[in-house]
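Fold and contact review
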Amino acid sequence: MDKLRITGGRPLEGEVRISGAKNAALPIMCAALLTARPLSLANVPRLRDVRTMAKLLGQIGVEADERADGSMVLATSAIREPVAPYELVKTMRASVLVLGPLLARCGQARVSLPGGCAIGSRPVDQHLKGLQAMGATIAIEHGYMNARAERLRGARIVMDLVTVTGTENLMLAASLAEGTTVLENAAREPEVVDLARCLAAMGAHIEGAGSSVIRIEGVRSLSGAAHRVIPDRIETGTFLAAAAAAGGRVRLSGAAPDSLDATLGKLREAGATISTQPDAIEIEMAGRANAVSLRTAPYPGFATDMQAQFMALAATARGTAMITETIFDNRFQHALELQRLGADITLRGDTAVVKGVERLQGAKVMATDLRASAGLVIAGLVAQGETLVDRIYHLDRGYEALERKLGALGARIQRVK
Ligand code: EPZ
(Lines give C-alpha, C1' and ligand atoms only; values in the text may rest on other atoms or scores of the structure.)
Protein backbone atom coordinates (compact mmCIF):
# COMPACT_ATOMS: atom_id res chain seq x y z
CA MET A 1 0.00 0.00 0.00
CA ASP A 2 1.56 3.30 -1.10
CA LYS A 3 2.49 5.97 1.43
CA LEU A 4 3.58 9.59 1.13
CA ARG A 5 6.71 10.65 3.01
CA ILE A 6 6.75 14.41 3.67
CA THR A 7 9.46 16.49 5.35
CA GLY A 8 7.86 19.73 6.48
CA GLY A 9 9.06 23.27 6.94
CA ARG A 10 9.50 24.57 3.37
CA PRO A 11 7.43 27.32 1.70
CA LEU A 12 5.82 26.59 -1.71
CA GLU A 13 7.10 28.50 -4.75
CA GLY A 14 6.21 28.19 -8.42
CA GLU A 15 3.35 27.28 -10.74
CA VAL A 16 1.10 24.23 -11.20
CA ARG A 17 -1.60 23.43 -13.73
CA ILE A 18 -5.04 22.50 -12.38
CA SER A 19 -6.65 19.32 -13.76
CA GLY A 20 -10.23 18.82 -14.93
CA ALA A 21 -12.93 18.51 -12.26
CA LYS A 22 -13.52 14.95 -10.99
CA ASN A 23 -17.07 15.79 -9.88
CA ALA A 24 -17.94 17.17 -13.31
CA ALA A 25 -16.24 14.39 -15.31
CA LEU A 26 -18.08 11.58 -13.48
CA PRO A 27 -21.70 12.65 -14.23
CA ILE A 28 -20.70 13.81 -17.73
CA MET A 29 -19.26 10.36 -18.51
CA CYS A 30 -22.67 8.92 -17.54
CA ALA A 31 -24.34 11.24 -20.07
CA ALA A 32 -22.80 9.00 -22.76
CA LEU A 33 -25.42 6.37 -21.82
CA LEU A 34 -28.14 8.67 -23.20
CA THR A 35 -27.10 8.43 -26.86
CA ALA A 36 -25.61 6.00 -29.39
CA ARG A 37 -23.53 8.85 -30.83
CA PRO A 38 -19.95 9.52 -29.65
CA LEU A 39 -19.38 11.93 -26.75
CA SER A 40 -15.92 13.50 -27.01
CA LEU A 41 -14.53 14.92 -23.74
CA ALA A 42 -11.45 17.10 -23.14
CA ASN A 43 -9.63 17.91 -19.89
CA VAL A 44 -10.73 14.66 -18.19
CA PRO A 45 -8.55 14.20 -15.07
CA ARG A 46 -6.45 11.02 -14.85
CA LEU A 47 -7.83 9.68 -11.55
CA ARG A 48 -8.73 6.37 -9.97
CA ASP A 49 -12.43 7.36 -9.82
CA VAL A 50 -12.46 8.17 -13.55
CA ARG A 51 -10.94 4.76 -14.29
CA THR A 52 -13.55 3.13 -12.04
CA MET A 53 -16.37 4.94 -13.87
CA ALA A 54 -14.90 3.95 -17.26
CA LYS A 55 -14.79 0.33 -16.08
CA LEU A 56 -18.40 0.43 -14.85
CA LEU A 57 -19.62 2.03 -18.08
CA GLY A 58 -17.60 -0.53 -20.05
CA GLN A 59 -19.45 -3.39 -18.34
CA ILE A 60 -22.75 -1.68 -19.19
CA GLY A 61 -21.84 -1.35 -22.86
CA VAL A 62 -19.98 1.95 -23.29
CA GLU A 63 -16.76 1.95 -25.32
CA ALA A 64 -14.51 4.47 -23.54
CA ASP A 65 -11.36 5.43 -25.45
CA GLU A 66 -9.01 7.26 -23.08
CA ARG A 67 -6.15 9.20 -24.67
CA ALA A 68 -2.87 10.32 -23.07
CA ASP A 69 -3.73 14.01 -23.41
CA GLY A 70 -6.68 13.66 -21.00
CA SER A 71 -9.26 13.43 -23.77
CA MET A 72 -11.78 10.62 -23.87
CA VAL A 73 -14.35 9.47 -26.43
CA LEU A 74 -17.33 7.46 -25.15
CA ALA A 75 -19.84 5.67 -27.39
CA THR A 76 -22.82 3.51 -26.38
CA SER A 77 -24.10 1.81 -29.52
CA ALA A 78 -26.20 -0.50 -27.33
CA ILE A 79 -26.72 -1.20 -23.64
CA ARG A 80 -25.26 -4.65 -22.99
CA GLU A 81 -26.06 -5.04 -19.28
CA PRO A 82 -27.81 -2.24 -17.30
CA VAL A 83 -26.17 -3.25 -14.01
CA ALA A 84 -23.91 -1.46 -11.48
CA PRO A 85 -22.50 -4.28 -9.32
CA TYR A 86 -21.76 -4.01 -5.60
CA GLU A 87 -18.04 -4.64 -6.17
CA LEU A 88 -17.75 -1.36 -8.10
CA VAL A 89 -20.42 0.70 -6.32
CA LYS A 90 -18.85 0.07 -2.89
CA THR A 91 -15.60 1.68 -4.14
CA MET A 92 -17.30 4.74 -5.64
CA ARG A 93 -20.69 6.15 -4.61
CA ALA A 94 -20.91 8.18 -7.81
CA SER A 95 -21.73 4.87 -9.57
CA VAL A 96 -25.34 5.66 -8.64
CA LEU A 97 -25.24 8.23 -11.48
CA VAL A 98 -25.87 5.46 -14.04
CA LEU A 99 -29.37 4.88 -12.61
CA GLY A 100 -31.14 7.87 -14.18
CA PRO A 101 -29.58 7.62 -17.65
CA LEU A 102 -30.15 3.84 -17.85
CA LEU A 103 -33.86 4.26 -17.03
CA ALA A 104 -34.06 6.98 -19.69
CA ARG A 105 -32.14 4.99 -22.33
CA CYS A 106 -33.45 1.43 -21.86
CA GLY A 107 -36.16 1.53 -19.22
CA GLN A 108 -34.39 -0.64 -16.68
CA ALA A 109 -31.45 -0.66 -14.26
CA ARG A 110 -30.09 -2.80 -11.47
CA VAL A 111 -27.82 -0.71 -9.25
CA SER A 112 -26.28 -1.77 -5.94
CA LEU A 113 -27.14 0.40 -2.95
CA PRO A 114 -24.00 2.42 -2.15
CA GLY A 115 -23.80 1.44 1.51
CA GLY A 116 -22.09 3.61 4.10
CA CYS A 117 -18.77 5.36 3.58
CA ALA A 118 -16.12 7.02 5.72
CA ILE A 119 -17.88 10.40 5.75
CA GLY A 120 -21.20 9.25 7.16
CA SER A 121 -24.38 7.58 5.99
CA ARG A 122 -25.10 8.78 2.47
CA PRO A 123 -28.55 7.58 1.41
CA VAL A 124 -29.93 7.99 -2.09
CA ASP A 125 -33.58 8.48 -1.13
CA GLN A 126 -33.81 11.76 -3.06
CA HIS A 127 -32.60 10.05 -6.24
CA LEU A 128 -35.31 7.38 -5.85
CA LYS A 129 -38.07 9.81 -4.90
CA GLY A 130 -37.42 11.87 -8.02
CA LEU A 131 -37.25 8.89 -10.39
CA GLN A 132 -40.45 7.44 -8.92
CA ALA A 133 -42.13 10.82 -9.48
CA MET A 134 -41.09 10.44 -13.13
CA GLY A 135 -42.86 7.07 -13.32
CA ALA A 136 -40.14 4.59 -12.38
CA THR A 137 -40.93 1.62 -10.17
CA ILE A 138 -37.98 0.79 -7.90
CA ALA A 139 -37.78 -2.28 -5.68
CA ILE A 140 -34.97 -2.75 -3.16
CA GLU A 141 -33.94 -6.43 -3.22
CA HIS A 142 -30.80 -8.11 -1.83
CA GLY A 143 -28.97 -4.77 -1.57
CA TYR A 144 -29.83 -3.72 -5.11
CA MET A 145 -32.20 -1.12 -6.53
CA ASN A 146 -34.20 -2.84 -9.30
CA ALA A 147 -35.70 -0.02 -11.36
CA ARG A 148 -38.06 -0.10 -14.33
CA ALA A 149 -39.83 2.54 -16.41
CA GLU A 150 -41.76 2.13 -19.65
CA ARG A 151 -41.05 5.73 -20.55
CA LEU A 152 -40.10 8.37 -17.96
CA ARG A 153 -42.45 11.33 -17.93
CA GLY A 154 -41.71 14.86 -16.76
CA ALA A 155 -42.67 15.81 -13.20
CA ARG A 156 -42.34 18.68 -10.75
CA ILE A 157 -39.97 17.49 -8.01
CA VAL A 158 -39.25 19.39 -4.80
CA MET A 159 -36.03 17.95 -3.37
CA ASP A 160 -36.17 17.58 0.44
CA LEU A 161 -32.52 18.67 0.68
CA VAL A 162 -29.78 19.89 -1.63
CA THR A 163 -28.03 16.90 -3.19
CA VAL A 164 -25.40 17.26 -5.93
CA THR A 165 -25.57 13.79 -7.53
CA GLY A 166 -29.31 13.64 -6.78
CA THR A 167 -29.80 16.76 -8.91
CA GLU A 168 -27.49 15.34 -11.61
CA ASN A 169 -29.19 11.92 -11.71
CA LEU A 170 -32.62 13.51 -12.19
CA MET A 171 -31.33 15.98 -14.78
CA LEU A 172 -29.84 13.07 -16.77
CA ALA A 173 -33.12 11.09 -16.57
CA ALA A 174 -35.34 14.09 -17.40
CA SER A 175 -33.38 14.90 -20.57
CA LEU A 176 -35.15 12.04 -22.42
CA ALA A 177 -38.40 11.96 -20.43
CA GLU A 178 -41.76 12.77 -22.05
CA GLY A 179 -42.68 16.33 -21.10
CA THR A 180 -41.13 18.85 -18.75
CA THR A 181 -39.44 18.24 -15.40
CA VAL A 182 -38.93 20.98 -12.83
CA LEU A 183 -36.36 20.37 -10.06
CA GLU A 184 -36.91 22.65 -7.06
CA ASN A 185 -34.25 23.04 -4.35
CA ALA A 186 -31.72 21.80 -6.90
CA ALA A 187 -27.97 21.86 -6.21
CA ARG A 188 -26.19 24.91 -7.67
CA GLU A 189 -22.62 23.51 -7.84
CA PRO A 190 -20.50 24.44 -10.90
CA GLU A 191 -20.30 20.71 -11.70
CA VAL A 192 -24.11 20.62 -12.08
CA VAL A 193 -23.83 23.58 -14.49
CA ASP A 194 -21.08 21.83 -16.46
CA LEU A 195 -23.24 18.71 -16.84
CA ALA A 196 -26.15 20.86 -18.03
CA ARG A 197 -23.85 22.54 -20.55
CA CYS A 198 -22.73 19.17 -21.90
CA LEU A 199 -26.33 17.88 -22.11
CA ALA A 200 -27.38 21.06 -23.95
CA ALA A 201 -24.55 20.48 -26.45
CA MET A 202 -26.08 17.01 -26.98
CA GLY A 203 -29.46 18.58 -27.73
CA ALA A 204 -31.13 18.63 -24.32
CA HIS A 205 -33.37 21.56 -23.36
CA ILE A 206 -32.29 22.69 -19.86
CA GLU A 207 -32.83 26.08 -18.18
CA GLY A 208 -31.84 27.34 -14.76
CA ALA A 209 -28.79 25.14 -14.04
CA GLY A 210 -26.79 26.95 -11.35
CA SER A 211 -29.96 28.21 -9.69
CA SER A 212 -32.18 26.25 -7.30
CA VAL A 213 -34.89 25.71 -9.94
CA ILE A 214 -33.93 23.71 -13.04
CA ARG A 215 -36.38 23.11 -15.93
CA ILE A 216 -35.72 20.22 -18.30
CA GLU A 217 -37.90 19.73 -21.39
CA GLY A 218 -37.49 16.10 -22.45
CA VAL A 219 -36.55 15.34 -26.08
CA ARG A 220 -36.92 12.14 -28.12
CA SER A 221 -33.21 11.55 -28.57
CA LEU A 222 -29.84 13.15 -27.98
CA SER A 223 -26.86 13.45 -30.31
CA GLY A 224 -23.15 13.22 -29.56
CA ALA A 225 -21.13 16.32 -28.68
CA ALA A 226 -17.67 17.63 -27.84
CA HIS A 227 -17.26 19.05 -24.35
CA ARG A 228 -14.36 20.35 -22.24
CA VAL A 229 -14.61 19.57 -18.51
CA ILE A 230 -14.27 22.58 -16.16
CA PRO A 231 -11.22 22.91 -13.89
CA ASP A 232 -11.35 21.19 -10.49
CA ARG A 233 -12.25 23.87 -7.92
CA ILE A 234 -11.47 21.53 -5.00
CA GLU A 235 -7.99 20.70 -6.31
CA THR A 236 -7.51 24.46 -6.76
CA GLY A 237 -8.67 25.15 -3.19
CA THR A 238 -6.42 22.41 -1.87
CA PHE A 239 -3.30 23.97 -3.39
CA LEU A 240 -4.37 27.41 -2.14
CA ALA A 241 -4.81 26.09 1.41
CA ALA A 242 -1.42 24.37 1.20
CA ALA A 243 0.27 27.63 0.15
CA ALA A 244 -1.53 29.55 2.92
CA ALA A 245 -0.30 27.02 5.48
CA ALA A 246 3.27 26.55 4.24
CA GLY A 247 3.79 30.15 3.11
CA GLY A 248 5.35 31.22 -0.20
CA ARG A 249 4.00 32.25 -3.57
CA VAL A 250 2.09 29.95 -5.93
CA ARG A 251 0.40 30.45 -9.29
CA LEU A 252 -2.38 28.04 -10.35
CA SER A 253 -2.93 28.01 -14.11
CA GLY A 254 -5.99 26.55 -15.83
CA ALA A 255 -8.04 27.41 -12.71
CA ALA A 256 -11.55 28.87 -12.48
CA PRO A 257 -11.46 31.65 -9.84
CA ASP A 258 -15.16 32.44 -10.24
CA SER A 259 -16.12 29.08 -8.68
CA LEU A 260 -14.17 29.67 -5.46
CA ASP A 261 -15.54 32.89 -3.95
CA ALA A 262 -16.15 31.42 -0.48
CA THR A 263 -12.69 29.81 -0.35
CA LEU A 264 -10.90 32.93 -1.64
CA GLY A 265 -12.72 35.05 0.94
CA LYS A 266 -11.58 32.79 3.80
CA LEU A 267 -7.98 32.78 2.52
CA ARG A 268 -7.91 36.58 2.45
CA GLU A 269 -9.31 36.55 6.00
CA ALA A 270 -6.40 34.24 6.93
CA GLY A 271 -4.00 36.91 5.66
CA ALA A 272 -3.19 35.67 2.16
CA THR A 273 -2.80 38.02 -0.81
CA ILE A 274 -4.79 36.65 -3.75
CA SER A 275 -4.88 37.93 -7.32
CA THR A 276 -6.97 36.38 -10.09
CA GLN A 277 -7.11 36.31 -13.90
CA PRO A 278 -9.92 34.63 -15.88
CA ASP A 279 -8.09 31.27 -15.84
CA ALA A 280 -5.44 31.64 -13.13
CA ILE A 281 -5.09 32.41 -9.42
CA GLU A 282 -1.98 33.64 -7.63
CA ILE A 283 -1.57 33.43 -3.85
CA GLU A 284 1.17 34.95 -1.69
CA MET A 285 1.47 34.22 2.02
CA ALA A 286 4.12 35.53 4.35
CA GLY A 287 4.15 34.64 8.03
CA ARG A 288 1.61 32.76 10.10
CA ALA A 289 -2.04 32.55 9.04
CA ASN A 290 -4.79 34.09 11.15
CA ALA A 291 -7.31 31.54 12.49
CA VAL A 292 -10.43 31.53 10.31
CA SER A 293 -13.80 30.10 11.38
CA LEU A 294 -16.12 28.57 8.79
CA ARG A 295 -19.35 26.70 8.31
CA THR A 296 -19.80 24.36 5.33
CA ALA A 297 -22.87 24.81 3.13
CA PRO A 298 -24.14 23.89 -0.34
CA TYR A 299 -22.69 26.01 -3.17
CA PRO A 300 -22.11 28.96 -3.25
CA GLY A 301 -21.40 28.49 0.48
CA PHE A 302 -18.08 27.15 1.78
CA ALA A 303 -17.52 23.68 0.25
CA THR A 304 -17.58 20.69 2.59
CA ASP A 305 -14.84 19.24 0.35
CA MET A 306 -12.56 22.06 1.54
CA GLN A 307 -13.22 21.55 5.28
CA ALA A 308 -10.37 19.14 6.05
CA GLN A 309 -7.83 21.31 4.20
CA PHE A 310 -8.88 24.38 6.22
CA MET A 311 -8.71 22.42 9.46
CA ALA A 312 -5.08 21.66 8.64
CA LEU A 313 -4.52 25.36 7.94
CA ALA A 314 -6.17 26.27 11.26
CA ALA A 315 -3.95 23.79 13.16
CA THR A 316 -0.94 26.16 13.02
CA ALA A 317 -2.80 29.48 12.65
CA ARG A 318 -2.73 32.32 15.17
CA GLY A 319 -5.87 32.07 17.34
CA THR A 320 -8.82 29.67 17.54
CA ALA A 321 -11.01 28.58 14.62
CA MET A 322 -14.56 27.17 14.90
CA ILE A 323 -15.13 24.75 12.00
CA THR A 324 -18.73 23.56 11.58
CA GLU A 325 -19.63 20.72 9.19
CA THR A 326 -23.30 20.91 8.20
CA ILE A 327 -23.40 18.59 5.14
CA PHE A 328 -22.12 15.21 6.37
CA ASP A 329 -22.65 13.58 9.74
CA ASN A 330 -19.15 12.15 10.16
CA ARG A 331 -16.59 14.24 8.35
CA PHE A 332 -14.07 14.93 11.13
CA GLN A 333 -11.97 11.74 10.85
CA HIS A 334 -8.95 13.85 9.89
CA ALA A 335 -9.19 15.71 13.26
CA LEU A 336 -8.12 12.55 15.11
CA GLU A 337 -5.12 12.14 12.79
CA LEU A 338 -4.19 15.84 13.02
CA GLN A 339 -4.11 15.44 16.82
CA ARG A 340 -1.35 12.86 16.32
CA LEU A 341 0.66 15.63 14.67
CA GLY A 342 0.15 17.81 17.75
CA ALA A 343 -2.91 19.80 16.67
CA ASP A 344 -5.12 21.10 19.50
CA ILE A 345 -8.63 20.17 18.31
CA THR A 346 -11.76 19.62 20.42
CA LEU A 347 -14.79 18.06 18.71
CA ARG A 348 -18.19 19.29 19.90
CA GLY A 349 -20.91 17.64 17.76
CA ASP A 350 -20.85 19.24 14.31
CA THR A 351 -18.16 21.74 15.33
CA ALA A 352 -14.38 21.33 15.68
CA VAL A 353 -12.67 23.92 17.93
CA VAL A 354 -9.12 24.28 16.56
CA LYS A 355 -6.64 26.18 18.72
CA GLY A 356 -3.62 27.05 16.56
CA VAL A 357 -0.21 25.82 17.79
CA GLU A 358 3.23 27.18 16.84
CA ARG A 359 4.49 23.95 15.26
CA LEU A 360 3.14 20.52 14.43
CA GLN A 361 5.39 17.48 14.92
CA GLY A 362 5.78 14.99 12.06
CA ALA A 363 4.30 11.54 12.73
CA LYS A 364 2.76 8.47 11.07
CA VAL A 365 -0.88 9.17 10.13
CA MET A 366 -3.56 7.36 8.16
CA ALA A 367 -5.82 8.70 5.42
CA THR A 368 -9.49 7.83 5.90
CA ASP A 369 -11.17 9.52 2.93
CA LEU A 370 -10.28 11.60 -0.09
CA ARG A 371 -10.30 15.10 1.36
CA ALA A 372 -9.08 14.02 4.83
CA SER A 373 -5.96 12.74 3.05
CA ALA A 374 -5.46 16.17 1.47
CA GLY A 375 -5.71 17.76 4.91
CA LEU A 376 -3.06 15.42 6.29
CA VAL A 377 -0.69 16.21 3.39
CA ILE A 378 -1.07 19.93 4.10
CA ALA A 379 -0.31 19.32 7.79
CA GLY A 380 2.76 17.28 6.78
CA LEU A 381 4.03 20.21 4.71
CA VAL A 382 4.19 22.41 7.82
CA ALA A 383 5.05 19.83 10.51
CA GLN A 384 8.56 19.66 11.93
CA GLY A 385 10.38 16.57 10.68
CA GLU A 386 8.91 13.66 8.77
CA THR A 387 5.23 12.74 8.30
CA LEU A 388 4.24 9.42 6.74
CA VAL A 389 0.68 9.37 5.33
CA ASP A 390 -0.63 5.83 4.87
CA ARG A 391 -3.54 4.51 2.69
CA ILE A 392 -3.07 7.21 0.06
CA TYR A 393 -5.17 5.29 -2.45
CA HIS A 394 -7.85 7.64 -1.08
CA LEU A 395 -5.83 10.56 -2.49
CA ASP A 396 -5.39 8.90 -5.87
CA ARG A 397 -9.18 8.84 -6.26
CA GLY A 398 -9.36 12.59 -6.57
CA TYR A 399 -5.91 14.11 -7.11
CA GLU A 400 -3.81 13.67 -10.27
CA ALA A 401 -0.16 13.12 -9.21
CA LEU A 402 -0.42 15.34 -6.12
CA GLU A 403 3.12 14.57 -4.95
CA ARG A 404 4.56 15.48 -8.38
CA LYS A 405 2.70 18.81 -8.40
CA LEU A 406 3.67 19.64 -4.80
CA GLY A 407 7.28 18.54 -5.46
CA ALA A 408 7.39 20.98 -8.39
CA LEU A 409 6.53 23.71 -5.86
CA GLY A 410 9.50 22.78 -3.70
CA ALA A 411 7.82 20.47 -1.19
CA ARG A 412 9.93 17.55 0.10
CA ILE A 413 7.42 14.78 -0.65
CA GLN A 414 7.79 11.34 -2.18
CA ARG A 415 5.63 8.28 -2.73
CA VAL A 416 6.98 5.15 -1.06
CA LYS A 417 5.73 1.60 -1.47
C1 EPZ B 1 -21.19 15.13 -4.04
O2 EPZ B 1 -21.50 13.95 -3.34
C3 EPZ B 1 -19.69 15.08 -4.27
N4 EPZ B 1 -19.36 13.89 -5.07
C5 EPZ B 1 -18.98 15.02 -2.92
O6 EPZ B 1 -17.59 15.07 -3.18
C7 EPZ B 1 -19.36 16.25 -2.10
O8 EPZ B 1 -18.77 16.15 -0.82
C9 EPZ B 1 -20.88 16.33 -1.96
O10 EPZ B 1 -21.50 16.30 -3.27
C11 EPZ B 1 -21.34 17.59 -1.26
O12 EPZ B 1 -20.87 18.71 -1.96
C13 EPZ B 1 -19.60 13.93 -6.41
O14 EPZ B 1 -20.07 14.91 -6.95
C15 EPZ B 1 -19.23 12.68 -7.17
P16 EPZ B 1 -24.91 14.98 -1.70
P17 EPZ B 1 -23.05 13.52 -3.16
O18 EPZ B 1 -25.90 14.05 -2.32
O19 EPZ B 1 -23.84 13.96 -4.33
C20 EPZ B 1 -27.56 13.72 2.01
C21 EPZ B 1 -15.39 14.37 -3.09
O22 EPZ B 1 -14.62 14.61 -2.18
N23 EPZ B 1 -28.39 13.01 1.02
O24 EPZ B 1 -24.86 16.39 -2.16
O25 EPZ B 1 -23.05 12.08 -2.80
C26 EPZ B 1 -26.17 13.12 2.16
O27 EPZ B 1 -26.20 12.08 3.10
C28 EPZ B 1 -16.80 13.94 -2.80
O29 EPZ B 1 -15.13 14.53 -4.32
C30 EPZ B 1 -29.56 12.38 1.43
O31 EPZ B 1 -29.91 12.40 2.62
O32 EPZ B 1 -23.46 14.36 -1.91
C33 EPZ B 1 -25.35 14.31 2.62
O34 EPZ B 1 -25.49 14.43 4.02
C35 EPZ B 1 -16.95 13.53 -1.36
N36 EPZ B 1 -30.32 11.73 0.51
C37 EPZ B 1 -26.02 15.50 1.95
O38 EPZ B 1 -27.31 15.05 1.55
C39 EPZ B 1 -29.99 11.68 -0.82
O40 EPZ B 1 -30.75 11.08 -1.63
C41 EPZ B 1 -25.30 16.00 0.70
O42 EPZ B 1 -25.06 14.87 -0.11
C43 EPZ B 1 -28.79 12.32 -1.22
C44 EPZ B 1 -28.02 12.98 -0.30
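The paragraphs below set out a description of the structure included in this document.

What counts and how
Residues numbered from 1 in each chain as written. Predicted model: local features only at pLDDT ≥ 70, side-chain atom pairs only at ≥ 80, totals over all residues. Heavy atoms only, no water. Near = heavy atom within 4 Å. Polar contact = N/O pair within 3.5 Å; in protein donor to acceptor, adjacent residues only side chain to side chain. Areas by Shrake-Rupley, 256 points an atom, 1.4 Å probe, with all protein chains shown as cover. Helix = DSSP H or I, 4+ residues; strand = E, 2+ residues; numbered from the N terminus. Buried < 20%, exposed > 50% of the residue type's maximum accessible area, 1.4 Å probe, protein only. Pairing = 2+ DSSP bridges. Axes fitted to C-alpha atoms, helices over the stretch in contact; angles between N-to-C directions. Phe/Tyr/Trp six-rings, centres within 6.5 Å; stacked < 30°, edge-to-face > 60°. Lys NZ or Arg CZ within 6 Å of the ring centre and 35° of its normal. Core = buried A, V, L, I, M, F, W, Y, C linked by side-chain atoms within 4.5 Å. Contact = heavy atoms within 4.5 Å. Parallel < 35°, antiparallel > 145°, perpendicular 65-115°, else oblique. Left-handed = near helix turned anticlockwise from the far one by under 90°. Nonpolar A, V, L, I, M, F, W, Y, C, P; charged D, E, K, R; others polar.

**Considering the site of the ligand**
- The environment of the ligand is made up of 23 residues, and the closest members are Gln126, Thr163, Thr165, Asp305 and Ile327.
- In the environment of the ligand, an oxygen atom lies 2.6 Å from a nitrogen or oxygen atom belonging to the backbone of Ile327.
- Against a free-state accessible area of 830 Å², the protein chains account for coverage of 88% of the ligand.
- Broken down by secondary-structure element, the contributors of at least two residues to the shell around the ligand are helix 1 (22-31), helix 5 (125-133), helix 6 (164-174) and helix 12 (370-382).
- In terms of residue count, helix 5 provides more of the shell around the ligand than any other element does, three residues in total.

**Points about the pairing of strand 17 (residues 280-285)**
- The buried fraction of strand 17 is high, at five of six residues.
- Pairing between strand 15 (residues 248-253) and strand 17: six bridges, direction antiparallel. Bridge pairing in strand 17 links Val250 to Ile283.
- Pairing analysis gives five bridges linking strand 16 (residues 273-277) to strand 17, with the strands arranged antiparallel. In the strand pairing of strand 17, Thr273 is matched with Glu284.
- Linking two consecutive strands that pair antiparallel, namely strand 16 and strand 17, is a turn of two residues.

**A few points about the sheet that holds strand 10 (residues 156-158)**
- Strands sit in the order 10-11-13-12 across an open sheet of four strands; the sheet is mixed. Only two strands of the sheet have a single neighbouring strand rather than two, namely strand 10 and strand 12 (205-207). Neighbour-to-neighbour, the strand axes of the sheet open up by a mean angle of 15°, direction not taken into account.
- Bridge count for strand 12 against strand 13 (residues 213-217) is three bridges, and the pairing is antiparallel. For Ile206, the partnering residue across the bridge sits in strand 13 and is Ile216.

**Some remarks on the packing of aromatic side chains**
- Per the stated rule, a full pass over the model turns up one aromatic pair.
- Centre to centre, the rings of Phe302 and Phe310 are 5.0 Å apart; their planes meet at 80°, and the pair counts as edge-to-face.
- Of the residues examined, Phe310 reaches a relative accessible area of 2% and is grouped as buried.
- Against the face of Tyr144 rests Arg110, its NZ or CZ located 4.0 Å from the ring centre.

**Regarding the pairing of strand 13**
- Residues of strand 13 alternate between two faces, with Ile214 and Ile216 buried on one and Val213, Arg215 and Glu217 left unburied on the opposite face.
- Between strand 12 and strand 13, which pair antiparallel and follow one another directly, the connecting turn spans five residues, one of which, Gly208, has a positive phi of 90°.

**A short note on the nonpolar core**
- Counting 76 residues, the largest nonpolar core has Val98, Met134 and Leu199 as its most contacted members.
- It is helix 1 that contributes the most residues to this core, seven residues altogether.
- Apart from the residues within four sequence positions on either side, Met134 is in contact with Leu152, Arg153, Ala155, Ile157, Leu170, Ala173, Ala174, Ala177 and Thr181.
- Counting 72 residues, the second largest nonpolar core, distinct from the first, contains Leu12, Ala314, Ala343 and Leu370.

**Regarding the packing of helix 8 (residues 233-246) against helix 12**
- At their nearest, the axes of helix 8 and helix 12 sit 9 Å apart, and the two run at 25° to each other. Looking at the two axes, helix 8 sits roughly parallel to helix 12. Regarding helix 8 and helix 12, the two cross each other, and that crossing is right-handed. Within the contact between the two elements, helix 8 uses Ile234, Thr238, Ala241, Ala242, Ala245 and Ala246 and helix 12 uses Arg371, Ala374, Ile378, Leu381 and Val382.
- Residue composition of the contact of helix 8 with helix 12, grouped by class: nine nonpolar, one polar and one charged.

**Some points on the environment of Ile138**
- Take Ile138: it is sitting in strand 8 (residues 137-141).
- The class of Ile138 is buried, set by a relative accessible area of 14%.
- Considering only alpha carbons, one finds Ile138 and Met1, 137 residues apart in sequence, at a separation of 39 Å.
- With near-sequence residues (within four places) excluded, Ile138 lies in contact with Leu128, Leu131, Gln132, Met145, Asn146 and Ala147.

**Some thoughts on the environment of Ala401**
- Structurally, Ala401 is set in the loop between helix 13 (393-398) and helix 14 (402-408).
- Between the C-alpha atoms of Ala401 and Arg415, which are 14 residues apart in sequence, the distance is 9.9 Å.

**Here we look at the sheet that holds strand 3 (residues 39-42)**
- Within the open sheet, the four strands sit side by side as 4-5-3-14. Their pairing is mixed. Edge positions in the open sheet fall to strand 4 (63-66) and strand 14 (225-228), since each of these has one partner strand only. Here the strands of the sheet are splayed against their neighbours by 15° on average, with no regard to which way each runs.
- Of the strand pairs in this sheet, strand 3 and strand 14 are connected by four bridges, and their pairing is parallel. Bridge pairing in strand 14 places Leu39 opposite Ala225.

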